Structures are given as structure tokens and as C-alpha cells.
Amino acid sequence: MDSGTTTAPAGPVRVEAELDERLSRWLWLVKWLLLVPHYVVLVFLWIAFLVVSVIAFFAILFTARYPRPLFDFNTGVLRWSWRVHYYSAGAFATDRYPPFSLGEEPDYPARLHIARPGRLSRGLVLVKWWLLAIPHYVVVGFLTGGGSGGGRADAGEGGPWAWSAGLITVLAFFAIIAKTFTDRYPGGLFDLIVGFNRWVLRVVAYAALMTDAYPPFRLDQGGAEPDAGQRDAARKRW
């Protein structure tokens with residue numbers, strides 16, 4: 001019998017993360033130095049991301065489709081950025097060095113998948129990346145310290161977080177300092193940090209024209225992407 005509850009389908013952007021059980025207490029102090037090669041590569045990747053996004057804009061405008069090679073490349077840039085961010089000040093939740101890869105790395109503890117849409121709205125492509133996304137830009141700017149471009153799809157150096165000291169970075173430092181002195185990474189803080197990063201990535205994918213699904217104003221916490229059933233259960237508890 002139908003209970004009257006409608007379940008929403010899984011979103012097109014899926015962000016997953018796993019907390020390493022054996023995090024070093026001190027490696028986080030030098031991760032910024034270890035990541036210098038990644039930062040250099042990401043500067044060029046995000047310049048390419050901008051160019052590809054402009055090309056995709058016109059492709060969608062005239063054909064209502066995001067060309068697969070362009071979509072796969074931009075998804076790869078977001079994956080790469082998410083892994084680097086997760087290793088460093090975006091979470092400090094793994095000591096596994098990020099791979100130099102645009103592809104999916106199913107064994108890495110930070111993963112991102114974006115479902116390629118069949119057709120996209122030609123009308124929405126004109127307004128969603130600036131007008132419709134403005135409320136989310138306000139939130140994401142707060143989460144990422146958006147004074148240097150955090151949350152915008154055109155945040156060239158460093159990607160969507162722009163490597164700024166927003167709320168996500170502050171919480172990550174609280175978590176890793178707790179780990180340093182107590183040998184325990186607070187589980188609740190991990191869930192919150194991943195939830196905030198998930199919000200950012202959903203907005204970036206939308207602003208980069210990779211989906212027409214408007215990002216929800218909802219904080220989905222935890223390393224696993226919640227399914228529709230979990231969301232319904234959470235709403236009933238509230």
C-alpha cells in the first residue's frame with residue numbers, strides 16, 4: 001500500500017569519503033609541501049576547466065547536450081581537486097597521497113561521481129550558473145572563505161575551494177588538532193566536514209553546467225551518500 005511518502009531519486013552528484021583509521025598525528029604539518037606538485041598541475045587543469053566550460057556552454061546552447069569528452073574531463077578535474085582537498089585542509093582525513101589521475105580511483109578514500117545527463121535545458125544554461133546559483137554562492141562562500149573565488153565554477157587556482165580558510169578548513173584544523181592530542185579524529189566532525197564538502201561539490205557541478213538538477217539546500221552528512229530512503233527517515237525523525 002502506498003504510504004503517501006514520495007522518495008526522491010538519487011542526485012546526479014555523489015560524494016563519498018572514508019576516514020583513515022591510522023592517521024599520523026604530525027604528517028598534516030607538511031602536507032602542504034608534499035602537495036606542491038599537485039598545486040602546480042591543478043592550476044593548469046583549472047584553466048583548462050574554464051575553457052572547456054565555455055565550449056560546453058555553447059554546445060549545450062545549440063545542441064542541448066554536454067559533449068562526453070568535455071564532461072569526462074571536467075569531472076576528472078573535480079575528482080582530482082576533491083582528492084587533494086580531502087588529503088589536505090579540506091578534511092585531513094587520509095594520509096594516502098592523492099594519485100595524479102583524472103579517472104575514478106575506487107580504492108582512494110575520497111571519491112566523486114557525476115552522472116552525465118542525456119539532455120540539458122538550453123534556457124537554463126543562460127541563467128543557472130550566475131542568477132539561479134546566487135543563494136548557493138552565499139552559502140558556499142561562507143564554507144570555503146569565498147573572498148578569493150570560493151564556490152564559483154570559475155575559481156581558477158585550486159578549484160572550487162580556492163584554498164581559502166573558510167568554515168570547512170577551520171573545522172578540518174580542529175579535527176586534526178584533536179587527533180594530534182587525543183589520537184582520535186572526532187567522528188561527528190568528520191561527518192559534518194564531508195557534508196559541507198558535498199554541498200560545495202554539488203553547487204560547483206551545477207554552476208559548471210554539468211547538471212540541471214538544482215542543488216538541494218540540505219546538509220547530507222557522513223562519508224556515504226545518503227539514499228532517498230535515508231532522507232525520508234531523517235525527515236520523519238524531525
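Report follows, based on the coordinates.

Here is what the cut-offs are and how they apply
Residues numbered from 1 in each chain as written. Predicted model: local features only at pLDDT ≥ 70, side-chain atom pairs only at ≥ 80, totals over all residues. Heavy atoms only, no water. Helix = DSSP H or I, 4+ residues; strand = E, 2+ residues; numbered from the N terminus. Buried < 20%, exposed > 50% of the residue type's maximum accessible area, 1.4 Å probe, protein only. Areas by Shrake-Rupley, 256 points an atom, 1.4 Å probe, with all protein chains shown as cover. Polar contact = N/O pair within 3.5 Å; in protein donor to acceptor, adjacent residues only side chain to side chain. Expected span 1.5 Å × (residues − 1). Pairing = 2+ DSSP bridges. 1 Å grid on protein atoms, 1.4 Å probe; cavity = no way out; pocket = protein on both sides within 12 Å on 5 of 7 lines; lining within 4 Å. Points joined across faces, edges and corners; volume = space filled by probe spheres on them. Nonpolar A, V, L, I, M, F, W, Y, C, P; charged D, E, K, R; others polar. Core = buried A, V, L, I, M, F, W, Y, C linked by side-chain atoms within 4.5 Å. Contact = heavy atoms within 4.5 Å. Phe/Tyr/Trp six-rings, centres within 6.5 Å; stacked < 30°, edge-to-face > 60°. Lys NZ or Arg CZ within 6 Å of the ring centre and 35° of its normal.

### So, the overall build of the protein
Along the backbone of the protein there are eight helices and two strands. Put simply, the protein runs from its N terminus to its C terminus through helices and strands in the order β-α-α-α-β-α-α-α-α-α. When each of the 238 residues of the protein is scored for burial, the buried share is 47%. Carbon together with sulfur atoms contributes 65% to the accessible area of the protein, which is approximately 11,400 Å² in total.

### A short note on the side chain of Thr144
Summarising the element assignment, Thr144 is placed in helix H5 (residues 134–144). Given a relative accessible area of 3%, Thr144 falls into the buried group. A polar contact is formed between the side chain of Thr144 and the backbone oxygen of Val140, at a distance of 2.8 Å.

### Re helix H3 (residues 68–87)
With 20 residues, H3 should cover 28 Å at 1.5 Å per step; its first-to-last C-alpha distance of 28 Å lies within 8% of that length. The element H3 is largely enclosed, with a buried count of 16 among its 20 residues.

### Some words on unusual backbone geometry
Even without glycine at this site, Asp183 takes up a positive phi of about 60 degrees. Classification of Asp183 by relative accessible area gives partly exposed; the value is 39%. The phi angle at Leu209 is positive, at roughly 70 degrees, despite the residue not being glycine. Here Leu209 is to be found in the loop between helix H7 (187–207) and helix H8 (228–237).

### What to know about the environment of Trp46
Mapped onto the elements of the fold, Trp46 is located in helix H2 (residues 36–63). Among the residues examined, Trp46 registers a relative accessible area of 0% and is labelled buried. Spatially, the C-alpha atoms of Trp46 and Asn74 are 8.8 Å apart, while their sequence positions differ by 28 residues.

### What about the pairing of strand S2 (residues 110–114)?
Burial of S2 is extensive: four of the five residues sit out of reach of the surface. When strand S1 (residues 13–17) meets S2, the two strands line up antiparallel, connected through five bridges. In the strand pairing of S2, Glu16 is matched with Arg111.

### Considering empty space enclosed by the protein
Going through the model one piece at a time under the given rule, you end up with two cavities of 30 Å³ or more. In this structure, the largest cavity occupies an estimated 50 Å³ of space. Arg79, Arg83, Glu104, Glu105, Pro106, Ala110, Arg111 and Leu112 together form the lining of the largest cavity. Breaking the lining of the largest cavity down by element, the ones donating at least two residues are H3 and S2. Looking at side-chain class alone, the lining of the largest cavity contains three nonpolar, no polar and five charged residues.

### So, the nonpolar core
Membership of the largest hydrophobic core comes to 55 residues, with the highest contact counts inside it found for Tyr66, Tyr86 and Ile193. Secondary-structure elements contributing two or more residues to this core are S1, H2, H3, S2, H5, helix H6 (167–182) and H7. Not counting the four nearest positions on each side in its chain, Tyr66 is found in contact with Val52, Ala56, Ile60, Phe71, Asn74, Arg116, Leu120, Ala208, Leu209 and Met210.

### Things to note about the packing of aromatic side chains
Counting across every chain of the model gives 14 aromatic pairs. Here the aromatic rings of Phe57 and Phe58 are separated by 5.1 Å at their centres, their planes lie at 90 degrees, and the arrangement is edge-to-face. Of the residues examined, Phe58 reaches a relative accessible area of 44% and is grouped as partly exposed. Ring centres of Tyr87 and Tyr97 lie 5.7 Å apart, and the angle between their planes is 85 degrees; on these two criteria the pair is classed as edge-to-face. Here Tyr87, found in helix H3, pairs with Tyr97, found in the loop between H3 and S2; they are 10 residues apart in sequence, far enough to count as distant. Members of the aromatic cluster, each reached through a chain of ring pairs, are Trp80, Tyr87, Tyr97 and Phe100. Against the face of Tyr87 rests Lys31, its NZ or CZ located 4.4 Å from the ring centre. Cation over ring: Lys128 sits above Tyr206, and NZ or CZ is 5.6 Å from the ring centre.

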